[in-house]
Amino acid sequence: LYQAQDLEMLVAHRRQSLVSTDWEALYAEHAVPLLVVLIKHTGDREVATELMQETFVRAIRAGAPGDDGGVRPWLFRIAVNLARDHHRRRRLLRFVPFSGHERAPDLDDHQVELVHRALRALSGKLATTLLLHYESGFSRQEIAAMDGISEEAVKSRLARGRVAFAREFTRLGGSLS
Amino acid sequence: MKGDEQQEIEFDDKVARALRRPLRHVAVPPFDRVRQRANRRRPAIVAVPTAVAVIVLALIVGGALAERRAPGKSTPQPAAVWEAAAWQTVRRTLPASGPIAVPSWLPPSIDRATIEIRELTAERYVIAYRGDEGRTLVFAMGSSPGPSAGTEAQVSIRGVRRSPATLSLPQSVFSDRSAKGLRRIEWKEGDRWLRIESESLSGDDLVRVAWSLDLATAPPPAHAFTRDLTGTCASSDPEGTLRTFLALAGRGDGNTALDCYALVLIEVVGPSLGQGWANLPKATLVSLQRRPDSGGRAQLLVSWTFASDPGGAWGSPATMFFLLAREDGVYRIAEMATAPLGPHP
């Protein structure tokens, strides 16, 4: 977007600013994209908001990595791990009787709700890989680094995830047009 | 083989569009809440060795969440507050005199709640709004103009935060108005370059966004003017304003005629506009036709005759295109031209 010289100055400035991490600025920058992924993953706005805040709480306690290029994937990795934990907890809860407090997904858009329900039918790994790639725009290489797997494995997850998601999404009545 | 590849690309695109479907009303709690939580003492770590214990813990967590969901206990902030908060963050980071172009109007396809601050330093910012079907709209400020592909068509736009601006369009729009490609409006305030750009919005939407930008921190007008007379010309419909405008020619009352002109035009040309029109010979309307809006402004093609030779550049009969902007609920003349002004592709 800008001339190379400007870009170098910008990178230098950002590196310097991360030494004393401006968490409020990072929150302003990443809270909404993180929340969107978590809402689509969990299907529950309040749980997603809770997990998004917890992401930052853990990040603040851990301290930001020195390399500014790693902040965004690092935050998403924390969020995705929290979402997977939540997913596992929900699975455990399926074995106990209904408490009467369970709620239906509270998404305001039927199609988005179908997205969540289709993702829920997938394994946690496939669902998060799809969201990180398509919703958050991470490259295969970045996801591979995040999950500690090969780029080829990410490619395979995406291929399997696409097919499984499309099948489930259309089965639920969603339109892929 | 190519067919399979094409099908694969299309399938990938369809899945991507379904997954990227934007959410309405995404609102995040204030950062202070997170800071307070982070500063709280960590709870003691309890080892839970058995699955039963895990279930109990999960129930406790689930119960706590259900309790938290009780009506009235958690009220997310409205989306608009989040947008305002993002721009406030930009404001706080830039020097007080730094130019910030905050939108007051956005196309309905753009989600005002889903904002991404892509870059933010004391020297520059890049703010991206997202919308339906992957639409994005970027607002940026920096020390240099955006890179040019060298093949764009360029159109001059007047009155973007009181500055002349350039709308760049892909050359291909001349053969296909809906052609994809980057559209960009760019202008300079002091030593800073500002721009609005989108790969998915039309040039006309971009112009409307640019014309509607908030004027806070904008350069001062070339001609400062405070309106002291309203209701003498400007009407709630554009045709009404232009009929009165023509009737005011030859009356000698420049102050009354000034009510016909929008501030954006007076501030550039000066308040002598009103007297200039009032001193012309009397005019008689011949025809008045509505043309497609341009940049959100009403456009009319008007023909009239003067009672005598007006002299100067004017001819009789005269024909001009007028763009009328809405100011305080009434329409005023923002631009006069001899050729139609858009809508921009």
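Residues numbered from 1 in each chain as written. Chains lettered and ligands numbered in written order. Predicted model: local features only at pLDDT ≥ 70, side-chain atom pairs only at ≥ 80, totals over all residues. Heavy atoms only, no water.

J.: Looking at this structure, how should I read the overall build of chain B?
T.: In terms of helices and strands, chain B carries 9 helices and 11 strands. When the 345 residues of chain B are sorted by exposure, 45% land in the buried category. Here the analysis covers contacts within chain B between residues at least 6 apart in sequence; of these, 57% occur between residues at least 24 apart. Accessible area for chain B stands at about 17200 Å²; split by element, carbon and sulfur atoms hold 53% of it. (Helix = DSSP H or I, 4+ residues; strand = E, 2+ residues; numbered from the N terminus. Buried < 20%, exposed > 50% of the residue type's maximum accessible area, 1.4 Å probe, protein only. Contact = heavy atoms within 4.5 Å. Areas by Shrake-Rupley, 256 points an atom, 1.4 Å probe, with all protein chains shown as cover.)

J.: What is the right way to look at the overall build of chain A in this model?
T.: Each helix and strand counted, chain A has 8 helices and 0 strands in total. When the helices and strands of chain A are listed from N to C terminus, the series reads α-α-α-α-α-α-α-α. Looking at chain A alone, contacts between residues at least 24 apart form 66% of all its contacts between residues at least 6 apart. Of the roughly 8200 Å² of accessible surface on chain A, a fraction of 51% belongs to carbon and sulfur atoms.

J.: What is the right way to read helix α2 (residues 23-42) of chain A from this model?
T.: Think of an α-helix as turning once every 3.6 residues; residues three or four places apart then point the same way. Residue and element names in this part refer to chain A. Compared with an ideal rise of 1.5 Å per residue, which puts 20 residues at 28 Å, α2 spans 25 Å between its outermost C-alpha atoms and falls more than 12% short. At H30, α2 shows its strongest bend, of approximately 45°, with the proline P33 following within four residues. The positive-phi residue at the C-terminal boundary of α2 is G43, with phi of around 75°. (Expected span 1.5 Å × (residues − 1). Bend = angle between axes of the 7 residues up to and from the residue.)

J.: How do you make sense of the packing of helix α3 (residues 45-62) of chain A against helix α2 (residues 31-39) of chain B when you look at a structure like this?
T.: Two measures define how a pair of helices packs: the angle their axes make with one another and the distance between the axes. Between α3(A) and α2(B), the shortest axis-to-axis distance is 9 Å and the interhelical angle comes to 55°. In terms of axis orientation, α3(A) runs oblique to α2(B). In the crossing of α3(A) with α2(B), the sense of the turn from one axis to the other is right-handed. From α3(A), E50(A), Q53(A), E54(A), F56(A), V57(A), I60(A) and R61(A) reach across to α2(B), where they touch F31(B), R33(B), V34(B), R37(B) and A38(B). In terms of residue class, the contact of α3(A) with α2(B) is built from 6 nonpolar, 1 polar and 5 charged. (Axes fitted to C-alpha atoms, helices over the stretch in contact; angles between N-to-C directions. Parallel < 35°, antiparallel > 145°, perpendicular 65-115°, else oblique. Left-handed = near helix turned anticlockwise from the far one by under 90°. Nonpolar A, V, L, I, M, F, W, Y, C, P; charged D, E, K, R; others polar.)

J.: Explain the sheet that holds strand β10 (residues 318-327) of chain B to me, please; I cannot follow it from the model alone.
T.: Across a sheet, strands are paired by hydrogen bonds formed along the backbone, either parallel or antiparallel in direction. Residue and element names in this part refer to chain B. Pairing in this open sheet of 4 strands is antiparallel, and the strands run β8-β9-β10-β11 from one edge to the other. The sheet terminates laterally at β8 (283-294) and β11 (330-337), the two strands that pair on one side only. Taking the axes of each pair of neighbouring strands and ignoring which way they run, one obtains an average angle of 30° across the sheet. Pairing of β8 with strand β9 (residues 297-306) involves 9 bridges; the strand directions are antiparallel. If you follow L285 over to β9, its bridge partner there is W304. This element, helix α6 (residues 238-248), spans β8, β9, β10 and β11 of the sheet and lies at about 150° to β8. (Pairing = 2+ DSSP bridges.)

J.: Explain the nonpolar core to me, please; I cannot follow it from the model alone.
T.: Nonpolar side chains in soluble globular proteins generally cluster together in the buried interior. Counting 60 residues, the largest nonpolar core has M52(A), F56(A), F165(A) and L19(B) as the members making the most contacts within it. In terms of residues, this core owes the most to one element, α2(A), which gives 11 residues. Those residues in contact with M52(A) that sit more than four places away from it in its chain are Y27(A), A31(A), L34(A), L35(A), L38(A), V28(B) and P29(B). Membership of the second largest hydrophobic core comes to 37 residues, among which are Y125(B), L167(B), L169(B) and V173(B). (Core = buried A, V, L, I, M, F, W, Y, C linked by side-chain atoms within 4.5 Å.)

J.: So what exactly am I meant to see when it comes to helix α6 (residues 124-135) of chain A here?
T.: Residues and elements named next belong to chain A. An ideal rise of 1.5 Å per residue puts 16 Å on 12 residues; α6 measures up with 15 Å between its terminal C-alpha atoms. By the criterion of burial, α6 is predominantly enclosed, with 10 of the 12 residues buried. For α6, the complete set of buried residues consists of G124, L126, A127, T128, T129, L130, L131, L132, Y134 and E135. In the stretch just after α6, G137 is the one whose phi turns positive, near 80°.

J.: What should I look at first to understand unusual backbone geometry in this one?
T.: Note: most peptide bonds trans; most residues except glycine with negative phi. Residues and elements named next belong to chain B. Looking along the chain, the bond that leaves S316 and enters P317 is cis, with omega of 5°. Residue position: P317 is located in the loop between β9 and β10. Positive phi is not limited to glycine here, since R161 has a value of about 45°. Looking at where R161 falls in the secondary structure, it is placed in the loop between β4 (153-160) and β5 (163-169). The backbone of R162 shows a phi angle near 65°, a positive value even though the residue is not glycine. Within the fold, R162 resides in the loop between β4 and β5.

J.: Explain the pairing of β5(B) to me, please; I cannot follow it from the model alone.
T.: Two faces belong to every sheet, and in a regular strand the side chains alternate between them. All names here are of chain B. For β5, a buried count of 5 out of 7 residues is recorded, marking the element as mostly surrounded by other parts of the structure. Here β4 pairs with β5 via 6 bridges, running antiparallel. Residue pairing in the sheet places I157 in a bridge with A165 of β5. Between the end of β4 and the start of β5, which pair antiparallel, lie 2 residues, with R161 showing a positive phi angle near 45°. One ladder, built from 4 bridges, connects β5 with strand β6 (residues 183-189); its direction is antiparallel. Bridging from a neighbouring strand, T166 pairs with E186 of β6.

J.: Can you help me understand the packing of aromatic side chains in this one?
T.: For any pair of aromatic rings, the description rests on two quantities: the centre-to-centre distance and the angle between the ring planes. Applying the stated criterion across every chain, the model contains 15 aromatic pairs over all chains. Here the aromatic rings of Y27(A) and F56(A) are separated by 4.9 Å at their centres, their planes lie at 70°, and the arrangement is edge-to-face. Of the two residues, Y27(A) is situated in helix α2 and F56(A) in helix α3; the sequence distance between them amounts to 29 residues. For the pair Y27(A) and F56(A), a shared accessibility class is recorded, and that class is buried. With 5.9 Å between their ring centres and 75° between their planes, W277(B) and W304(B) make a pair best called edge-to-face. Of this pair, W277(B) sits in helix α9 (residues 272-278) while W304(B) sits in strand β9; the two residues are 27 residues apart in sequence, bridging distant segments of the chain. Note on accessibility: W277(B) and W304(B) belong to one class, buried. Directly above the aromatic system of W105(B) lies the positively charged group of R208(B), at a separation of 4.1 Å from the ring centroid. Its guanidinium or amino end placed over the ring of W211(B), R297(B) lies 3.7 Å from that ring's centre, counting from NZ or CZ. (Phe/Tyr/Trp six-rings, centres within 6.5 Å; stacked < 30°, edge-to-face > 60°. Lys NZ or Arg CZ within 6 Å of the ring centre and 35° of its normal.)

J.: Sorry if this is basic, but what is going on with the confidence of the model for chain A here?
T.: Low pLDDT marks stretches whose predicted atomic positions should not be read closely. Residues and elements named next belong to chain A. Here chain A averages 76 in pLDDT, while 72% of its residues score no lower than 70. Within chain A, the lowest mean pLDDT, 44, falls on helix α1 (residues 4-19), and the highest, 93, falls on helix α8 (residues 151-171). Every residue in residues 1-19 is under pLDDT 50, and counting partners more than four places away or in other chains gives 33 contacts. (pLDDT = per-residue confidence, 0-100.)

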